[in-house]
Amino acid sequence: MKKTKKIVAHKRPFHVMIIPTLGCPSSCSYCWSSDERSPIMTIETVKEMVHWLREFRDDPVTFTFHGGEPLLAGADFYREALALITEGLRPRKIAFALQTNLWKMTPEMASVLAEYQIPIGSSIDGPKDLNDLQRSAGYFDKTMAGYRVAKEHGLSVQFICTFTSTSIDKKEEIFNFFLENGLTMKLHPALPSLKSDDPDKWALPPEKYGELLVYLLDKYLENMDKIEVRNINDLCRCVFTGRGTVCTYVDCMDDTFAVGPDGSIYPCYRFVGMPEWVMGNIRDRPSQADLAGSGAGRRMQEFKRRVDVACKGCRHLRYCRGGCPYNAIAPSGGELLGVDPHCVAYKRIFDEIADRFNKEIFGSFPMGPTCLPTEPPRGGKPGITALIQKIVSS
Ligand code: SF4
Ligand code: SF4
C-alpha cells in the first residue's frame, strides 16, 4: 500500500504582554508609560484572558509581565495568575518573563516567581548618581535591595540600561559600571515621551544612538570574555542568520499582543493606555482576524506596507524590517508618518557588522571548524567572527 505523507502543521509561537497596571512607585524623568490613576488587573480578568487564549490560538506562548510596575499587583495576584495560566493552557508550551524595577520584590514574591523560574529584566542606567539623576532619587538603592532578594531566591536578573541625551556623554563610565559589577548589559535609547510637554528632552537622537552602538561593539570586542552585551549579540545574529531575532527587527504585528489592566488588547505594551490603539477586549473573545481588522490592527499592517516601500533596496531589509512601529509613531504624536527613525542607527551598526564580517571572512584570518575565522591577525583585536563564534557556541 502506498504510504501517504503526514502533513505536520508548524506551530507559530506568539507573545502576550500582560500589563497588570500602568501605576509605578517611581517617577523616572523620561518615562512614557506610567499612569498613577491606572487600576490593577483583577484575577477575573486573568481568567477571561485564559478563556480567550484557549480559543484564540493553540501555539506556544510566552507571557511577559510588564508595566508600569507589574509587582504592584502583589504576590497573591501572581500566585493565582500563574497557576490559572499554566493550568488553563495545558498542554501547550508556556514561558514567562517579568520586567520590573524590583522595588516591590519581597521574599514572598520572590518565592512565587521562583516556583515558575521566571527570568527577570530590571532597569539600571549606570552608577548610582547618574542613575538617580535621570530615574528618581533613591531608585538605585531600592532596585539593588530587590535585586539581592531576587538573587537569594535563585532568580535570574538582567538589567536594561536606558541611554538618554544626558547620559550618552558618560558612556564609558556606564559601560565600566556594568563590566566591573559583572552585569549583562542590554540597552535602550530613550524615546520621545508622548505624555510629556517637552517630549525630546531626554530622547537619544538616532545618530548618537548609532555612534553608541558602534562604541559598544568595540568595547565588547575588547572585553568579550568579561561581559555580555545583549543588543550586540542580537544585531550580529541578525546579520549572520539573515533574519530578525528580536521584536524590533521582525514584523511583530501578527505575533505580539498586550493585555491592559481592564482586558483591552493592544499591539504591544508600548501602546497600552492609548485608546486609539485598542484592538479589542478579551471579554469579546476576538479572533486573530478580528484584531487585524480593527483600526489599530489595520494601522499596524499599514506600517508593514510602508516599510516595504520606504526601505526598498536597503541591504538590511530582510533582518531589520523597518524597526519598531511604536518608535515610528512616537515622534509624530501618535501618527504613523514613516518607518522607525532609528533607521540611521540601525544602518550604521548593521553596515559596521556586515562590512567587518565580510572583510574578516574574505581577509586573512585562519578558519575554524565552523568555517568562521577563529583568531585575529597577529597583533590584532578579536573581530566580529570571534564574537559570532562565541554567540553560536553559547
Ligand atoms: S511595537 Fe516595537 S517594542 Fe512592541 S513588539 Fe513591535 S517592535 Fe517590539
Ligand atoms: S536600516 Fe533603515 S532602511 Fe534599512 S530596513 Fe532598517 S529601517 Fe529600513
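A few points on the structure. These figures come from a predicted structure and were not determined experimentally.

Thresholds, definitions, all that
Residues numbered from 1 in each chain as written. Chains lettered and ligands numbered in written order. Predicted model: local features only at pLDDT ≥ 70, side-chain atom pairs only at ≥ 80, totals over all residues. Helix = DSSP H or I, 4+ residues; strand = E, 2+ residues; numbered from the N terminus. Rg over C-alpha atoms; globule rule 2.2 N^0.38 Å. Contact = placed C-beta atoms within 7 Å. Near = placed C-beta within 6 Å. Nonpolar A, V, L, I, M, F, W, Y, C, P; charged D, E, K, R; others polar. Buried ≥ 20, exposed ≤ 12 C-beta atoms within 10 Å, placed from the backbone. Pairing = 2+ DSSP bridges. Right-handed = clockwise from strand over helix to strand, strands pointing away. Expected span 1.5 Å × (residues − 1). Arc of directions from axis to C-beta.

Regarding the overall build of the protein
Within the protein, the regular secondary structure consists of 14 helices and 9 strands. Compactness check: the protein gives a C-alpha radius of gyration of 22 Å against a globular reference of 21 Å for 394 residues, within 12% of the reference. With respect to the principal axes defined by its C-alpha atoms, the protein has extents near 75 × 65 × 45 Å. Here the contacts in the protein between residues at least 6 apart in sequence split such that 67% fall between residues at least 24 apart.

Some remarks on the site of ligand 2
What surrounds ligand 2 is the set Cys311, Cys314, His316, Leu317, Cys320, Gly322, Gly323, Val339, Asp340, Cys343, Tyr346 and Lys347. For the shell around ligand 2, the elements supplying multiple residues, two or more each, are α11 (317-320) and α13 (343-362). The element best represented in the shell around ligand 2 is α13, accounting for 3 residues. For the shell around ligand 2, a count of residues per class yields 7 nonpolar, 3 polar and 2 charged.

Thoughts on the pairing of strand β5 (residues 157-163)
One face of the sheet, then the other: side chains in a regular strand alternate in exactly this way. Burial analysis of β5 places 5 of its 7 residues in the buried class, which makes it a mostly covered element. Strand direction decides the pairing type here: strand β4 (residues 120-123) and β5, joined by 4 bridges, are parallel. Across the sheet, Ser122 pairs through a bridge with Phe159, a residue of β5. Summarising the sheet, β5 and strand β6 (residues 185-189) pair through 5 bridges and their orientation is parallel. Bridge pairing in β6 places Ile160 opposite Lys186. A crossover connection joins β5 to the parallel β6 through helix α6 (residues 171-180); in handedness this β-α-β unit is right-handed.

Observations regarding the site of ligand 1
Close to ligand 1 lie Cys247, Thr248, Cys252, Thr256, Cys268, Arg270, Cys324, Pro325 and Tyr326. Residue composition of the shell around ligand 1, grouped by class: 6 nonpolar, 2 polar and 1 charged.

So, helix α1 (residues 43-56)
For α1, with 14 residues, the first-to-last C-alpha span of 20 Å sits near the 20 Å given by 1.5 Å per residue. Those residues of α1 that fall on the buried side of the exposure criterion are Thr45, Val46, Met49, Trp52, Leu53 and Phe56. Down the axis of α1, the buried side of the element spans an arc of 120°, and every buried residue falls inside it. Residues Glu44 and Glu55 are exposed on α1 and point more than 90 degrees away from its buried face.

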